[in-house]
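Results of the structural survey
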Amino acid sequence: MKKIFLGCIADDFTGATDLANNLVRAGMRVVQAMGVPSQPLDAEADAVVVALKSRTVPAADAVQESLAALRWLQAQGAQQIYFKYCSTFDSTARGNIGPVTEALMEALAEQPGADFSIATPAFPDNGRTVFKGHLFVGDVLLNESGMQNHPLTPMTDANLVRVLQAQCRRKVGLIDYKVVAQGPEAIRSRIDQLRADGVGLAVVDAVSNDDLMRLGPALKGLPLVTAGSGVAIGLPANFGIAPSNTASALPSATGFQAVVSGSCSLATNRQVAAFVASGRPALAIDPLQLAASGGGETAVSQALAWAKDLLPQGPVLIYSSATPDAVKAVQVQLGVQAAGDLVEHTLAAIARGLVDLGVRQLVVAGGETSGACVQALAISQMKIGPQIDPGVPWCHAQSDAAPDSGLHLTLKSGNFGTDDFFSKAFTRLT
Ligand code: ADP
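Source: prediction; values computed, not measured. (Residues numbered from 1 in each chain as written. Predicted model: local features only at pLDDT ≥ 70, side-chain atom pairs only at ≥ 80, totals over all residues. Heavy atoms only, no water.)

Helix and strand counts for the chain stand at 14 helices and 18 strands. Its C-alpha radius of gyration of 22 Å places the chain within 12% of the 22 Å reference for a compact globule of 430 residues. For the chain, the C-alpha atoms occupy an extent of roughly 70 × 50 × 35 Å along the three principal directions. Long-range contacts, defined as pairs at least 24 residues apart, comprise 75% of the intrachain contacts of the chain with a sequence gap of at least 6. Summing over all exposed atoms, the chain offers an accessible surface of approximately 17,100 Å²; the carbon and sulfur share of this is 53%. Each charge sign in the chain was given a centre, from 31 positive and 37 negative side chains, and these centres are 4 Å apart. (Helix = DSSP H or I, 4+ residues; strand = E, 2+ residues; numbered from the N terminus. Rg over C-alpha atoms; globule rule 2.2 N^0.38 Å. Contact = heavy atoms within 4.5 Å. Areas by Shrake-Rupley, 256 points an atom, 1.4 Å probe, with all protein chains shown as cover. Lys, Arg positive; Asp, Glu negative; His and termini not counted. Charge placed at Lys NZ, Arg CZ, Asp CG, Glu CD.)

This is the structure in C-alpha cells:
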C-alpha cells in the first residue's frame, strides 16, 4: 500500500468534505473517513481527511480525538498534517482551535520544524479573507457578519491574533499581506524571524488565491499546517502533484436517483422550490404528522411506497425543508431538539430504504441530516470525486445497503449550491 502524503484532521463533517474537494481540485486523490478508522486505509489515496465532530465538544475531548486521528494518519505514512477548522474560525474563548493545535505540535515535537505552525481561515473563493490579522466575511469584519450571534461559537472579535492568543500558551504572531505578496522566500524568512522571536504560531494574511498559492511553497516540509480549506489549494504541488481529472475519477454511476432534504436553509428552500417547479416528483414530510402518528415508521413506509414506482422514471425528492416560520411553529410544538431528531431519523430511514430500493445516486441536503443518513447507511469512508458546486463534490462509498456497486452520494450543507442543484447534480455524474 502506497503511503499518503497529506493527513488531514477536520473538526466537522461538511468542513471535511469542503477541504477534500479543494485537494481533489488541486490534483490529489482523496478519501474522507468518518471518524478515526479502526483499520488501515484500504484505498489508494494521496490524502486522507479524518472527519471529527470536535468543533464544540469540550477542549480535552477535541484534543483526544485529534491525537487519535494523528496517530492513525501517521501510521498511513502522512508526511504533513493539516488541521482544518471553519473559515469563520468558529471557536470559543477556550478552544478548540488553540488547544488542538498545540497538542498536535507537541505530539509532532520530534519532527524538525514542529515548533512552529501557521493559522489562517482565508478562503477567498467563499469571501473569507484575512488582512492585517483581521478576518473578513464578504465585505464586513467577522464580528459584524452575523457570527457574533452564533449560538455555540459567537465570534465577537475579528482580530485573529488576539482570538488565537487567548486559546494558546505559545506566543502568536502575524505574517502580514506585505510579506505574503513578496512570495515564498519572504514568507520563509518571516517564519525564521518569528521563530527567533519566540513565536510558535502565526496568523497569515491572504486576500486572494494568489496569496494562497504563494503561501503553499513556503509551507513545504512544515510538519503541521492549521487552516480553513483555502490553504489546501497551494499544498499538493509541494508533493509534485498537479491538477488533473484523474484525481476526481469515480466508478461509473448506476441505479436510481433520489434527493433527501432536511435542510431548511435559504439556499436549500430555493433548490426544493426549483425541483418542484420543474415538475419532477416531490414528497413533503410534515413533522407534526410524524409526531401525531407516534414516530416516523408509517411515514417511512408511505414515502418508500410512493417512490417505488416513480424511481425508474428519474430522480425523486423527499423533503422536510420548510420556511423559517413553519420550522418555528413545529419547534414550538415539539421542541427544537425533539423536532430535529424526529425529522433526522425519519429522513435517514427513508434514505436507507431508497438505497434498498435500488437508488445508487443520492443527494442529501443538510449537515446534520447528512450525518444521520451516513450513519443509517453505515458508511465509514468515501472517495471524493468531481465538484458539483464550490464546496460540494460527488463522492463514492461502500455501504452494506449497496453491496453490489457501492453508492454515489453528495452531502450538501445548507447554504451551498445553485438553485438548480438537485437536478444539476445528476447531470454532473453522467
Ligand atoms: P443545514 O445544513 O441547512 O443547517 P441541517 O440538516 O444541519 O441543515 O439542520 C436542519 C435541522 O432542522 C435538522 O435537525 C432537521 O432534522 C431539522 N428540520 C428539518 N425540517 C424541519 C421542519 N420542517 N421543522 C423542524 N425542524 C426541521
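What follows picks up the thread again.
A separate point is the nonpolar core. Within soluble globular proteins, side chains that are nonpolar generally end up buried alongside one another. Counting residues in hydrophobic clusters, the biggest one holds 124 residues, and the most contacted among them are Leu23, Tyr82, Ile175, Leu354 and Leu362. Formed jointly, this core draws a minimum of three residues from each of two domains, domain 1 (6–244) and domain 2 (250–429). The residues touching Leu354, leaving out its near neighbours within four places in the chain, are Ala258, Val260, Leu304, Ala307, Leu311, Ile318 and Val359. Of all hydrophobic cores here, the second largest spans 16 residues; its members include Leu250, Ile388, Trp394 and Phe422. (Core = buried A, V, L, I, M, F, W, Y, C linked by side-chain atoms within 4.5 Å. Buried < 20%, exposed > 50% of the residue type's maximum accessible area, 1.4 Å probe, protein only. Domains from an automatic or database assignment.)

Here the focus is helix α7 (residues 209–218). When we look at burial in α7, the residues that qualify are Asp211, Leu212, Leu215, Gly216 and Ala218. Down the axis of α7, the smallest arc covering the buried residues is 160 degrees, so these residues share one side. Against β5 (117–120), α5 (177–182), α6 (184–196) and β10 (199–204) lie the buried residues of α7. (Arc of directions from axis to C-beta.)

Taken together, 17 residues lie around the ligand, and Ser263, Ser265, Glu344, Glu368 and Thr369 are the ones closest in. Between the ligand and Gly340, the relevant distance is 2.9 Å, taken from an oxygen atom to a main-chain nitrogen or oxygen of the residue. One nitrogen or oxygen atom from the main chain of Gly414 is found 3.0 Å from an oxygen atom belonging to the ligand. A total of 570 Å² of accessible area belongs to the ligand in isolation, and the protein chains cover 83% of it. Sorting the residues of the shell around the ligand by element identifies α11 (324–334), α12 (336–356) and α13 (367–376) as the ones contributing at least two each. (Near = heavy atom within 4 Å. Polar contact = N/O pair within 3.5 Å; in protein donor to acceptor, adjacent residues only side chain to side chain.)

This brings us to the domain arrangement of the chain. Size of an interface, as often reported, equals the accessible area lost when the parts are brought together. Partitioning the chain into structural domains gives domain 1 (6–244) and domain 2 (250–429). Using only C-alpha atoms to locate each centre, domain 1 and domain 2 end up separated by 30 Å. Taken together, the contact pairs 19 residues of domain 1 with 18 residues of domain 2. Buried surface at the junction of domain 1 and domain 2, both sides included, amounts to about 1,500 Å², of which 60% is carbon and sulfur. At the boundary of domain 1 and domain 2, one finds zero salt bridges. Counting across the domain 1 and domain 2 interface gives six residue pairs in polar contact (both at pLDDT 80 or more). If you list the elements that add at least two residues to the side of domain 1 that touches domain 2, you get α1 (13–25) and β2 (30–34). Residue contributions to the side of domain 1 that touches domain 2 peak at eight residues, all from α1. Class assignment of the residues belonging to the side of domain 1 that touches domain 2 gives a composition of nine nonpolar, five polar and five charged. (Buried area = accessible area lost by both parts, 1.4 Å probe. Salt bridge = Lys/Arg side-chain N within 4 Å of Asp/Glu carboxyl O. Nonpolar A, V, L, I, M, F, W, Y, C, P; charged D, E, K, R; others polar.)

Read from one edge of the open sheet, three strands run β6-β7-β8, paired in antiparallel fashion. The sheet terminates laterally at β6 (128–131) and β8 (140–141), the two strands that pair on one side only. Bridge analysis of strand β7 (residues 134–137) against β8 gives two bridges, and the strand direction is antiparallel. Note on β8: the bridge partner recorded for Phe136 is Leu141. (Pairing = 2+ DSSP bridges.)

Attention shifts here to the side chain of Ser117. Its location among the elements puts Ser117 in strand β5. At 2.8 Å, the side chain of Ser117 forms a polar contact with the backbone oxygen of Leu224. For Ser117, the contacting residues outside a window of four places in its chain are Met105, Gly200, Leu201, Ala202, Leu222, Leu224, Val225 and Thr226.

For the rest of this paragraph, the subject is the side chain of Gln167. Along the chain, Gln167 falls in the loop between α4 (160–165) and β9 (171–175). Here the side chain of Gln167 touches Thr92 through a polar contact of 3.1 Å, landing on its backbone oxygen. Once residues lying within four places of it in the same chain are set aside, the contact partners of Gln167 are Ser91, Thr92, Ala93, Arg94, Gly95, Asn96, Ile97, Gly98, Pro99 and Glu102.

Here we come to the state of the cysteines. Enumeration according to the criterion identifies zero disulfides in this entry. Looking at the unpaired Cys373, the closest cysteine sulfur is the one in Cys395, lying at 14 Å. (Disulfide = S-S within 2.5 Å.)

Counting buried residues in strand β1 (residues 6–10) gives five out of five residues, a clear majority hidden from the surface. Relative to strand β4 (residues 80–84), β1 is paired through five bridges, and the arrangement is parallel. If you follow Leu6 over to β4, its bridge partner there is Gln80. The pairing of β1 with strand β3 (residues 47–51) spans five bridges and is parallel. Bridge assignment links Ala10 to a residue of β3, and that residue is Ala51.

It is worth spelling out the packing of aromatic side chains at this point. Applying the stated rule across the entire model yields six aromatic pairs. Residues Tyr85 and Phe89 carry aromatic rings whose centres are separated by 5.1 Å and whose planes lie at 85 degrees to one another, so their mutual orientation is edge-to-face. Overall, Tyr85 belongs to the buried group, its relative accessible area being 0%. A centroid spacing of 6.1 Å and a plane angle of 50 degrees characterise the contact between Trp394 and Phe426, whose relative ring orientation is tilted. On the criterion of sequence distance, the pair formed by Trp394 in strand β17 (residues 392–397) and Phe426 in helix α14 (residues 421–429) is long-range, its members being 32 residues apart. (Phe/Tyr/Trp six-rings, centres within 6.5 Å; stacked < 30°, edge-to-face > 60°.)

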